[in-house]
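For reference, the chains in residue letters:
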Amino acid sequence: MRSGERYAERMGLPPAGWLAVIVVAVIAAALSNLGDMRWWRLAASAVILLAPVIGAWWLGRLPVRVVESGGEAWLHVDDARLPMSAIADVEVLEPVAYSDALGVAQHPLAFVVQRPWINRGVRIVLDDPEDPTPYWVVASRRPERLRDALAAAREPSAA
């Protein structure tokens, strides 16, 4: 973690996911190059091989961080930022509750950041009358640690 960070996590693909992406990319690249070895087929094979790997890396680059800066703590989820003063409650969502939170019963204005390979997360209820977003649902491999970091950052002595 960097200085000022209370919690840091990336939503990267697990090793089994990387293996699946690489196997599918290699098979697709090999199948795209059946026939003679012309330069455009080799170029297409290279693109077909690299595109899924780059896509998987891009999907997994998303950071979730609790950062203290300028005397105030913030939750950073990729480019979105939320001050601790706007948080009313944080709830850990186990797999069934997390799945329900992502389902049809979800509020249409909720802010959701999820990855299909992560099956747990937190619901962060907001207390900001000027923001129409009622809550955030954020995927996390360690939702208890994220909740604890948010709770510690919300304490008056932490600010």
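In this report, the structure presented in the accompanying data block is examined.

Calculation rules
Residues numbered from 1 in each chain as written. Predicted model: local features only at pLDDT ≥ 70, side-chain atom pairs only at ≥ 80, totals over all residues. Heavy atoms only, no water. Helix = DSSP H or I, 4+ residues; strand = E, 2+ residues; numbered from the N terminus. Contact = heavy atoms within 4.5 Å. Phe/Tyr/Trp six-rings, centres within 6.5 Å; stacked < 30°, edge-to-face > 60°. Buried < 20%, exposed > 50% of the residue type's maximum accessible area, 1.4 Å probe, protein only. Lys NZ or Arg CZ within 6 Å of the ring centre and 35° of its normal.

Some remarks on the environment of G121
Here comes step 1: On the secondary structure map, G121 appears in strand 7 (residues 121-126).
Here comes step 2: For G121 and A97, which are 24 residues apart along the polypeptide, the C-alpha to C-alpha distance reads 9.2 Å.
Here comes step 3: In contact with G121, other than residues within four places in its own chain, are E91, V92, L93, Y98, V138, A139, S140 and P143.

Side note on the packing of aromatic side chains
Here comes step 1: Evaluated as defined, the whole model comprises 2 aromatic pairs.
Here comes step 2: Judged by centre distance (5.9 Å) and plane angle (85 degrees), the rings of W39 and W40 are edge-to-face.
Here comes step 3: For W40, a relative accessible area of 42% puts it in the partly exposed group.
Here comes step 4: Pairing F111 with W136 gives two aromatic rings, centres 4.3 Å apart and planes at 45 degrees, and the pair type is tilted. Linking F111 in strand 6 (residues 111-113) with W136 in strand 8 (residues 135-139), this pair joins segments that are 25 residues apart in sequence.
Here comes step 5: The ring of W74 carries the charged tip of R81 above its face, separated from the ring centre by 4.8 Å.
Here comes step 6: Its guanidinium or amino end placed over the ring of Y135, R123 lies 5.3 Å from that ring's centre, counting from NZ or CZ.

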